Amino acid sequence: QTQILGVLLAAASNFLISVSLNIQKCAHRRLVCQAEQKPYYTSKLWWCGITLLGLGEVGNFTAYGFAPITLVAPLGCVSVIGSAFISVLFLKKTMKPADVLGGTLTITGIYLLVTFAPNVPQELSARQVQNYLVSWPFLVYSILEIIIFCVLLYFYKRKAAKHIVVLLMMVALLASLTVIAVKAVSSMIALSVTGKMQLTYSVFYIMIVLMATSCAFQIKFLNQAMHLYEATAVVPINFVFFTTSATISGVIFYREFRSAALLSVFMFLFGCLLSFLGVIIIARNKKEEHLQIPFIDCGHIPGQKLTGKIQPDSHSSCYGTLNKEGDSVKRQS
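Residues numbered from 1 in each chain as written. Predicted model: local features only at pLDDT ≥ 70, side-chain atom pairs only at ≥ 80, totals over all residues. Heavy atoms only, no water.

What counts, and what does not: UniProt positions are given in the numbering used here, feature names are shortened, and annotations may be inferred rather than shown by experiment.
The name recorded for the chain in an unreviewed UniProt entry is NPAL2 protein, from Oreocharis arfaki. Per UniProt, the comment on the chain under Subcellular location (unreviewed entry) is "Membrane". According to the UniProt record, the Sequence similarities (unreviewed entry) comment for the chain is "Belongs to the NIPA family."

Okay, here's the thing in structure tokens:
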């Protein structure tokens, strides 16, 4: 029952995040269309979107306390499906065959993920987290992750390698630590609420520091990737890398597949693959929108008489010219 609650909470939270992002986009569009330009943070609609985004992230944080990492992390594809659905329903975008194909693959993948996810106890005490931290599989995994991250950071700093794969690989490596810490903190808080106090253990605060630090650097590299590359490339690659790293960390640190049958593991991985393909198809089908201004109104230019709209002249080297009265007299003479 707790795992079902975690699944529902994760799905609802990711859908809420997609709603919040579309609300923020709608707020920015309204501000652009206004005659008097105002900062985005003065819009009540924008603040409504930010509030929903915060609620969605809190819900995702809580979901890690009720369901395995290997189940909560892939459910991030719900936000992609929700965003595509909302953009068609409310933003009046057209539904394309690629959207239908991507949505079908993603929904099928979600069904397989939920059906064949590992069923393990979700009550994690502070002592269990301490034991997991010093276990040899996690120590080997941590050493390998640190080595790979240092190599990537060397190329990023010394060689100025800002390729999208380099940036998002670093994001994924940090995300694996983030989800480990988030699940530990969420589980210990949930146990403390039920009366089994876990907040007196030092490992609780160690995990909070790890969660905050890894999340901060993760946001830094992700923002740089969004600045240098199109969202249609960043979103699917980041989802695939994040889900893969989160699943591996859940398997190694929390041993979530230790008693699973081989068929369940295969079907779970197949569900992940379908979700990856669906998200890639949906994200690739989106195009960046640009505000097109077909003409410039001269009525707002001080000192100029309105003689019509300035249109670009395809046979001239300049985009457009202002027709003054003196120029027209010269042409007539």
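That covers the picture; the talk isn't over yet.
1. A look at the overall build of the chain
We count it as follows: Counting from the N terminus, the helices are the DSSP runs of H or I reaching at least four residues and the strands are the DSSP runs of E reaching at least two. With a 1.4 Å probe rolled over the protein chains alone, any residue whose accessible area is under 20% of its type maximum counts as buried; one over 50% counts as exposed, and the rest are partly exposed.
Across its full length, the chain holds 12 helices and two strands. Counting helices and strands in the order they occur from the N terminus, the chain gives α-α-α-α-α-α-α-α-α-α-α-β-β-α. By the burial criterion, 40% of the 333 residues in the chain qualify as buried.

2. Describing helix H9 (residues 202-228)
For the record, the criterion: A helix is expected to reach a length of 1.5 Å times the quantity of its residues less one. The contact criterion used throughout is that any non-hydrogen atoms of two residues lie within 4.5 Å.
Here H9 contains 27 residues, and its C-alpha end-to-end distance of 40 Å stays within 8% of the 39 Å for a straight helix at 1.5 Å per residue. All of the buried residues in H9 are Val203, Phe204, Met207, Met211, Ser214, Gln218, Phe221, Gln224 and Ala225. Summarising the contacts, the buried residues of H9 are in contact with helix H2 (44-63), helix H6 (126-133), helix H7 (136-157), helix H8 (164-193) and helix H10 (231-253).

3. Concerning a nonpolar patch on the surface
Applicable threshold: The patch calculation keeps residues exceeding 30% relative accessible area without a salt bridge and links them within 9 Å when they carry like charges or within 5 Å when they are nonpolar (Val, Leu, Ile, Met, Phe, Trp, Tyr). Only the protein chains shown count as covering a residue, and every accessible area follows the Shrake-Rupley method with a 1.4 Å probe. Throughout this description, the term salt bridge denotes a Lys or Arg side-chain nitrogen within 4 Å of a carboxyl oxygen of Asp or Glu.
A cluster of nonpolar side chains, namely Ile143, Ile147, Val151, Tyr154 and Phe155, defines an oily patch on the protein surface of about 470 Å² accessible area. For Ile147, the position within the fold is in helix H7.

4. Comments concerning unusual backbone geometry
Despite not being glycine, Arg255 has its phi angle at roughly 55°, a positive value. Take Arg255: it is sitting in the loop between H10 and helix H11 (262-285).

5. Examining the packing of helix H1 (residues 2-33) against H2
Basically, it comes down to this: To obtain each axis, a line is fitted to C-alpha atoms, and for helices this fit is confined to the stretch in contact; angles are then taken between N-to-C directions over 0 to 180 degrees. If an angle is under 35 degrees, it is roughly parallel; if it is over 145, roughly antiparallel; if it lies from 65 to 115, roughly perpendicular; otherwise it is oblique. Each crossing is labelled by how the near helix is turned from the far one, with a counterclockwise turn of less than a right angle marking it left-handed and a clockwise turn marking it right-handed.
Where H1 contacts H2, the axes come no closer than 8 Å and their chain directions differ by 160°. As summarised for this structure, H1 and H2 are arranged roughly antiparallel, according to the angle between their axes. In this structure, H1 crosses over H2, and the sense of that crossing is left-handed.

6. Here's the deal with the side chain of Thr178
Keep this limit in mind: Identification of polar contacts relies on pairs of N or O atoms within 3.5 Å, with a donor-acceptor requirement for protein atoms, meaning one able to donate a hydrogen and the other able to accept it, and with residues adjacent in sequence counted only if both atoms are side-chain atoms.
For Thr178, the position within the fold is in helix H8. For Thr178, the side chain forms a polar contact with the side chain of Ser214, separated by 2.8 Å. Every residue in contact with Thr178, bar those within four places of it in the chain, is listed here: Met211, Ser214, Cys215 and Gln218.

7. Observations concerning the nonpolar core
In plain terms, the rule: What makes a nonpolar core is a set of buried Ala, Val, Leu, Ile, Met, Phe, Trp, Tyr and Cys residues whose side-chain atoms join them at distances within 4.5 Å.
Tyr64, Met207, Phe253 and Tyr254 are the most contacted members of the largest nonpolar core, which totals 45 residues. If one sorts the elements of this core by residue count, H8 sits on top with seven residues. Among residues more than four places away in sequence, those in contact with Tyr64 are Ile69, Val72, Ala73, Val179, Val182, Lys183, Ser186, Ser187 and Phe242. Grouped together as the second largest cluster of nonpolar side chains are 15 residues, Leu152, Val171, Ala225 and Val234 included.

8. A closer look at the packing of H7 against H9
The description of two helices packed together rests on the angle between their axes and the distance between the axes. In contact at an axis separation of 15 Å, H7 and H9 are set at 45° when each is read in the N-to-C sense. Our classification of the angle between H7 and H9 gives oblique. For the element pair H7 and H9, the recorded crossing hand is left-handed. On H9, the residues that touch Phe149, Leu153, Tyr156 and Lys157 of H7 are Lys220, Phe221 and Gln224.

9. Some words on the side chain of Thr247
Within the secondary structure, Thr247 is located in helix H10. For Thr247, a relative accessible area of 10% gives the class buried. In contact with Thr247, other than residues within four places in its own chain, are Thr70 and Phe268.

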